[in-house]
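These are the residues of each chain, in order.
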Amino acid sequence: MIASPRTLDGALVSNGYTLDSAPNRLGWLTPSPADQPVKKLWEQFKVHGYLWLKGLLDREDVLDFRRRYFTAFIAAGMIDPQHDPVEGIHAAGNADPQAVRQLNVEVVRWARYEAFCLSKPILQFFEEALGGPVYLHKRKLIRHTRAGDPNCTGAHYDLTYLRAGTDRVFTAWIPIGDTPVEMGGLVYLEGSDSWGRQKEAEFTALNAHLPAEERISAYNRNMSSSGWLTKDLPSLSERLNTRWLMADYEAGDMMIHSPYMIHAATENRDLAGRMRLSTDIRYQLVSDEIDPRWTQDWTPDDEKRY
Ligand SMILES: O=C(O)CCC(=O)C(=O)O
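Predicted model, so just to flag it, every value in this text is computed and none were measured.

(A) Structural view of the overall build of the protein chain. For the protein chain, the count of helices and strands is eight helices and 13 strands. Every one of the 306 residues in the protein chain was classed for burial, and the buried ones make up 53%. For the protein chain, restricting intrachain contacts to residue pairs at least 6 apart in sequence, the fraction spanning at least 24 positions comes to 80%.

(B) Local environment of the environment of N24. Within the element layout of this structure, N24 appears in the loop between β2 (17-18) and β3 (26-28). Along the backbone, N24 and S237 are 213 residues apart, and their C-alpha atoms lie at a distance of 9.3 Å. The residues contacting N24, other than those within four sequence positions of it, are T242 and R243.

(C) Quick look at the side chain of T266. Note that T266 resides in the loop between β12 (263-265) and β13 (276-285). Judged by relative accessible area, which is 3%, T266 ranks as buried.

(D) Focus on the site of the ligand. Taken together, 14 residues are adjacent to the ligand, and T153, D158, H263, R276 and R282 come closest. For the ligand, an oxygen atom lies 2.6 Å from a polar atom in the side chain of T153. In this structure, D158 approaches the ligand through a side-chain N or O atom, which is 3.0 Å from an oxygen atom. Counting only elements with at least two residues in the shell around the ligand, the list comes to β8 (169-175), β12 and β13. Here the element with the most residues in the shell around the ligand is β13; it accounts for four residues.

(E) Molecular detail of the environment of Y306. With respect to the helices and strands, Y306 occurs in the segment after β13. With residues up to four places along the chain from it excluded, the contact list for Y306 reads R139, Y161, I216, S217, A218, Y219, R293 and W294.

(F) The arrangement of the layout of surface pockets in detail. Approximately 950 Å³ is the volume attributed to the largest pocket. Taken together, 34 residues make up the lining of the largest pocket; nearest its centre are L141, R143, T153, W228 and E303. Contributing elements (two or more residues each) for the lining of the largest pocket: β7 (141-145), β12 and β13. If you tally residues by element for the lining of the largest pocket, the top one is β7, at five residues. Across the lining of the largest pocket, the residue classes break down as 15 nonpolar, ten polar and nine charged. For the second largest pocket, the calculated volume is near 230 Å³. In terms of lining residues, the second largest pocket is bounded by 15 residues, among which W42, F45, K46, F170 and R197 are the most central. The set of elements that each furnish at least two residues to the lining of the second largest pocket consists of α1 (38-48) and α6 (192-207). No other element matches the three residues that α1 contributes to the lining of the second largest pocket. Here the residues of the lining of the second largest pocket are counted per class, giving seven nonpolar, two polar and six charged.

(G) Layout of empty space enclosed by the protein. Under the defined criterion, the tally for this structure stands at one cavity of 30 Å³ or more. In terms of lining residues, the largest cavity is bounded by L12, V181, G185, L186, V187, M246, A247, Y249 and T266. Of the residues contributing to the lining of the largest cavity, the split by class is seven nonpolar, two polar and no charged.

Each value, and the rule that gives it
- Residues numbered from 1 in each chain as written.
- Predicted model: local features only at pLDDT ≥ 70, side-chain atom pairs only at ≥ 80, totals over all residues.
- Heavy atoms only, no water.
- Helix = DSSP H or I, 4+ residues; strand = E, 2+ residues; numbered from the N terminus.
- Buried < 20%, exposed > 50% of the residue type's maximum accessible area, 1.4 Å probe, protein only.
- Contact = heavy atoms within 4.5 Å.
- Near = heavy atom within 4 Å.
- Polar contact = N/O pair within 3.5 Å; in protein donor to acceptor, adjacent residues only side chain to side chain.
- 1 Å grid on protein atoms, 1.4 Å probe; cavity = no way out; pocket = protein on both sides within 12 Å on 5 of 7 lines; lining within 4 Å.
- Points joined across faces, edges and corners; volume = space filled by probe spheres on them.
- Nonpolar A, V, L, I, M, F, W, Y, C, P; charged D, E, K, R; others polar.

Written out as structure tokens, the structure is:
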């Protein structure tokens, strides 16, 4: 068990549920410096179901992308132009929802965004770890979260949404900017990779008699309406008798998690009002089966396909 590197500035909250801060319910992720041999890093990944790669990406490149992203949202009234856009300070008033929606659609199609997702250190890492040519899923998600927004990603594992392809699919979650715990990055349920595998085996058995399209659906009659396991993070860690693991992510870091590893997000409570920005993208071997539902760019209502 790793000792807490620091005291938190307030409670961690997710969708209105306050996480239990007892040491057997809340802890810290273990970082892995990215300059170690990939083989060794991949062994760590297999043991924990996650890898927190410290300093894989060039910090200035990441911050440059953050600045570009938020600069684009000034015209939509989302970002306060009085500050350097790299800060991502939300404007005082409300943004124009139509303009934000349009920009959300465009950003995932930016060549600059694609180049970011395909940056050399990421590609090299996955090619070496997986041992062959890799495929980056075209459906890539980029998310901004306003400080004080109570809505957070609920507890889930990613294979729920990717059942029509290989389970050798790996998510890279990249914080685009420094994201201390109080800014609401991802939290991971310690040791949950094996529980996720069990759960998916149960769903596979339950779903076996459903029509083909429903069998792979994240929202079929055996699942919740969101595909999430729950929004109640404290009771899940209680039930599994484990801890939620958190981290102070920094620009340049990259998380990788297995498709069975349970994760969720917490509320952005940044006192300076900075927005959390991150992307989650998925890599696999090109020779493994690719879920055809992930071969198009993200659009705001495309969740229905899963
Ligand atoms: O960033 C988030 O809030 C959710 C990300 C996520 O679920 C993922 O990376 O698989």
